Amino acid sequence: RVMTCCYLLDDIRTRSKLIVVVGAGALAMMGATAAVGLISMDPFAYVGKSCLYTGAAGLAAGFAVLGILPFIEKAFRITTSMKLLELADASHPLLRRLSEEAAGTYNHSLQVATISEAAAESIGVDSLLCRVASYYHDVGKINKADYFCENQGAGVNRHINLSPSVSLLIIIGHVKDGIEMAREYDLPTSIFPFIQQHHVTP
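Residues numbered from 1 in each chain as written. Predicted model: local features only at pLDDT ≥ 70, side-chain atom pairs only at ≥ 80, totals over all residues. Heavy atoms only, no water.

**Some details on the nonpolar core**
At step 1: Residues Leu94, Val132, Tyr136, Leu187 and Ile191 are the most contacted members of the largest nonpolar core, which totals 25 residues.
At step 2: Taken together, the elements giving at least two residues each to this core come down to helix 4 (81-87), helix 5 (93-101), helix 6 (103-123), helix 7 (127-136), helix 8 (164-184) and helix 9 (192-196).
At step 3: Element by element, the count of residues in this core is highest for helix 7, at six residues.
At step 4: Among residues more than four places away in sequence, those in contact with Val132 are Leu84, Leu87, Ala88 and Ile191. (Core = buried A, V, L, I, M, F, W, Y, C linked by side-chain atoms within 4.5 Å. Buried < 20%, exposed > 50% of the residue type's maximum accessible area, 1.4 Å probe, protein only. Helix = DSSP H or I, 4+ residues; strand = E, 2+ residues; numbered from the N terminus. Contact = heavy atoms within 4.5 Å.)

Written out as structure tokens, the structure reads:
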């Protein structure tokens, strides 16, 4: 069963795929039970009943894992593909805020996500993580959206009447604000480096 599950657990992006893996694992357990019973020359009725019990146990264990998966992700700070796909949903509260309060930044983030996903695929790293993290890399701009050029639709530059030092603090500050928002909305820690380091390495 372990070998079967490991073979199928290459990239689980949906809960339905996980259910398929659980089913395959249960079938593998039933097959192994049947083989052992036949080698031992047990009665067919006994072998059949053992297979049913083994299959039921395999399904129960799999569905138990499926139920506690969110707690496993949180306890061990694991970001699964399923979690990333949930975060990629445009209805996520933080993404919805970004699209409503900083529309230019939201569109910019979509473009960055497309570019980073393609780049990640070309070098063989986690393209899904790169795409989803790119959606959130500039969320810190929500607090002062009008101070960033992509959100200045009317062409009014809010920095004109500010000193360079204040402008610098506002621009740099969106990184710190982004981390605070990531914590507030309980984003996985695997996304934090994309927020912290998309300008420079701290």
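This is not the end of the story, as more comes after the structure.
**Regarding the side chain of His174**
At step 1: Positionally, His174 belongs in helix 8.
At step 2: Overall, His174 belongs to the buried group, its relative accessible area being 2%.
At step 3: Within the local environment of His174, its side chain forms a polar contact with the backbone oxygen of Ile171, the two atoms lying 2.4 Å apart.
At step 4: With residues up to four places along the chain from it excluded, the contact list for His174 reads Asp138, Gly140, Lys141, Phe148, His198 and His199. (Polar contact = N/O pair within 3.5 Å; in protein donor to acceptor, adjacent residues only side chain to side chain.)

**Some points on the side chain of Asp138**
At step 1: On the secondary structure map, Asp138 appears in the loop between helix 7 and helix 8.
At step 2: With a relative accessible area of 2%, Asp138 lands in the buried category.
At step 3: There is a polar contact of 3.0 Å between the side chain of Asp138 and the side chain of His198.
At step 4: With sequence-adjacent residues up to four places away left out, Asp138 is seen in contact with Leu98, Thr105, His108, Ser109, His174 and His198.

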